[in-house]
Amino acid sequence: MQDVQLNIDRINVTLRESLLSLFQDQLRKEMEELDCHYFAHNLIQNYYKPGHTVSSFYSNPEWQQEYWHNYGDLDLMAHKVHQVAETDGFAISSWDFIDPDSDVMKRRKSVCDLYDGVQFTFKHEDGLLENYSFGWKKSGRGKMGFEKLLKLSDVVSDFRDAHLKLVSAPTP
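Cut-offs and rules
Residues numbered from 1 in each chain as written. Predicted model: local features only at pLDDT ≥ 70, side-chain atom pairs only at ≥ 80, totals over all residues. Heavy atoms only, no water. Salt bridge = Lys/Arg side-chain N within 4 Å of Asp/Glu carboxyl O. Helix = DSSP H or I, 4+ residues; strand = E, 2+ residues; numbered from the N terminus. Pairing = 2+ DSSP bridges. Axes fitted to C-alpha atoms, helices over the stretch in contact; angles between N-to-C directions. Contact = heavy atoms within 4.5 Å.

### A short note on the pattern of salt bridges
Thinking step 1. This model, assessed by the stated rule, comprises eleven salt bridges.
Thinking step 2. The partner of Asp96 in a salt bridge is Lys109, and the shortest N-O contact between them spans 2.6 Å. Highlighted residues: Asp96 in helix H4 (residues 95-98) and Lys109 in helix H5 (residues 103-112), separated in sequence by 13 residues.
Thinking step 3. By sharing partners, the salt bridges in this structure join Glu130, Arg160 and Asp161 into a single network.

This is how it looks when you write it as structure tokens:
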């Protein structure tokens, strides 16, 4: 699959659909064994400043398209987590902590058939924000703790490296 470029308001977004086969082949099964049924990884440069860009991967391409076309600028949870990471270097939140009744959260859970999730973002020394979201179905409720998040982080390590290389590669 080819990556898709979007220009939405003040944000240039690249939907990294080219990473879907890597995810399906190498990560999906291991993540599901850990009761994780959703994954998103975003690399954000110049957060809401001139030159704001996002390199975005979602394990659910349907939701990724809908999110960026309809909700990308309205997601209060993402805004709060990214703002804290901008100033403190790291932020984490349960999906149900900041804005559980928002349209974006309800729609994310519905489209992806999810019960809950967690989002965390950290800031690189060069200012790049790296965002992870993991989600699980109702059957995974109460099973997602710090130890599983560490395992999931390890599982996505090679995927993360591939995504970072796409962002740092020179534009043809």
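Structure's up, so let's keep going.
### Focus: the sheet that holds strand S7 (residues 129-136)
Thinking step 1. With mixed pairing, the seven strands of this open sheet are ordered in space as S1-S2-S4-S3-S7-S6-S5. The open sheet has two free edges, formed respectively by strand S1 (4-8) and strand S5 (90-94), since each of these has just one partner strand. Looking at each pair of strands side by side, their axes are set apart by 15 degrees on average, direction ignored.
Thinking step 2. In the sheet, strand S6 (residues 116-123) pairs with S7 via eight bridges, with the strands oriented antiparallel. Within S7, the position partnered with Thr121 by the bridge is Asn131.
Thinking step 3. Lying on the sheet, helix H3 (residues 76-88) is in contact with strand S3 (38-45), S5, S6 and S7; it crosses S6 at an angle near 30 degrees.

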